[in-house]
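# Survey of secondary and tertiary structure
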Amino acid sequence: MDESSTTPWPSLTRDMNADGQFTLSDVWLWIVQVYFLPGDAVLWALLTYSPGLATFLELGPRSYHGLFTAMVSGGCWVFVLVIVGVVYG
């Protein structure tokens, strides 16, 4: 397992794209990072604690922000929105 699998997500900094300026594209990158956070966390757990299953599913460090993490994140965010709707309503 290479080093990138131990730090899958960068920290949220003011200048996410490192162009020296704070722009709207930095805000978009924040949104993308927050959206993919649940899926990336699941992928990190698979790579760290169950590498055999990750290999079987053909997942690796290059899978961060990929289709698998997008689907897991989407499911998590829909679940959170439903729970918030039920609690709020």
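Residues numbered from 1 in each chain as written. Predicted model: local features only at pLDDT ≥ 70, side-chain atom pairs only at ≥ 80, totals over all residues. Heavy atoms only, no water.

## Notes on the overall build of the protein chain
For the record, the criterion: To qualify as a helix, a DSSP run of H or I must reach at least 4 residues; to qualify as a strand, a run of E must reach at least 2; elements of each kind are numbered from the N terminus. The buried label goes to any residue with under 20% of its type's maximum accessible area, the exposed label to any with over 50%, and the partly exposed label to all in between, with areas taken from a 1.4 Å probe on protein chains only. What makes two residues a contact is simply this: any of their non-hydrogen atoms within 4.5 Å. Each accessible area value is a Shrake-Rupley result obtained with a 1.4 Å probe; residue values ignore everything except the protein chains displayed when judging cover.
Each helix and strand in the protein chain was counted, giving three helices and zero strands. Each helix and strand of the protein chain, placed in order from N terminus to C terminus, yields the pattern α-α-α. For the protein chain, the residues scored as buried account for 24% of the 89 residues in total. For the protein chain, restricting intrachain contacts to residue pairs at least 6 apart in sequence, the fraction spanning at least 24 positions comes to 55%. When the accessible surface of the protein chain is summed, it comes to about 6300 Å², and 71% of that surface belongs to carbon and sulfur atoms.

## Remarks on the nonpolar core
For the record, the criterion: Residues grouped as a nonpolar core are buried Ala, Val, Leu, Ile, Met, Phe, Trp, Tyr and Cys residues, joined through side-chain atoms within 4.5 Å.
With six residues, the main nonpolar core is built from Leu43, Leu46, Leu47, Ala54, Leu59 and Tyr64. The dominant element in this core, judged by the number of residues it contributes, is helix α1 (residues 24–49), at three residues. Filtering out sequence-adjacent residues up to four positions away, Leu46 remains in contact with Pro51, Leu53, Ala54, Leu57, Leu59 and Phe68.

## Some details on the packing of aromatic side chains
How we decide: Between rings of Phe, Tyr and Trp, where Trp is taken as its six-membered ring, a pair exists when centres lie within 6.5 Å; planes separated by under 30 degrees are stacked, by over 60 edge-to-face, and by other angles tilted. Lysine and arginine charges are scored as sitting over a ring when NZ or CZ, respectively, is within 6 Å of the ring centre and within 35 degrees of the ring normal.
One pass over the structure, following the stated rule, counts three aromatic pairs. When the centroid spacing of 5.6 Å and the interplanar angle of 40° are considered together, the rings of Phe22 and Trp30 count as tilted. A cation sits over an aromatic face here: Arg14 above Phe22, 4.4 Å from the ring centre.

## Quick word on the packing of α1 against helix α3 (residues 67–88)
To be explicit about the condition: All axes are obtained by fitting lines to C-alpha atoms, using only the stretch in contact for helices, and the reported angles, taken between N-to-C directions, cover 0 to 180 degrees. Here roughly perpendicular refers to angles of 65 to 115 degrees, roughly parallel to angles under 35, roughly antiparallel to angles over 145, and oblique to all remaining angles. Here is the rule for handedness: rotate from the far helix to the near one, and if that takes an anticlockwise turn smaller than a right angle the crossing is left-handed, while a clockwise turn gives right-handed. Note that Gly is not counted as nonpolar here; it falls among the polar residues with everything else outside the nonpolar set of Ala, Val, Leu, Ile, Met, Phe, Trp, Tyr, Cys and Pro and the charged set of Asp, Glu, Lys and Arg.
The interhelical angle for the contact between α1 and α3, taken along N-to-C directions, is 120°, at an axis separation of 7 Å. As summarised for this structure, α1 and α3 are arranged oblique, according to the angle between their axes. For α1 against α3, the interelement crossing comes out right-handed. Facing α1, whose interface residues are Val34, Tyr35, Phe36, Leu37, Pro38, Gly39, Asp40, Val42, Leu43 and Leu46, α3 presents Phe68, Thr69, Ala70, Val72, Ser73, Gly74, Cys76 and Trp77. Partitioning the contact of α1 with α3 into residue classes produces 13 nonpolar, four polar and one charged.

## So, the confidence of the model for the protein chain
Low pLDDT marks regions whose predicted coordinates should not be analysed in detail. What counts is decided by this rule: The predictor rates its confidence in each residue with pLDDT, a number between 0 and 100.
Confidence along the protein chain averages 88 in pLDDT terms, with 89% of residues attaining 70 or more. For the protein chain, α1 is the element with the lowest average pLDDT, namely 93, and α3 is the one with the highest, namely 97. Confidence drops under pLDDT 50 across residues 1–5; counting only partners more than four residues distant or on other chains, this segment forms nine contacts.

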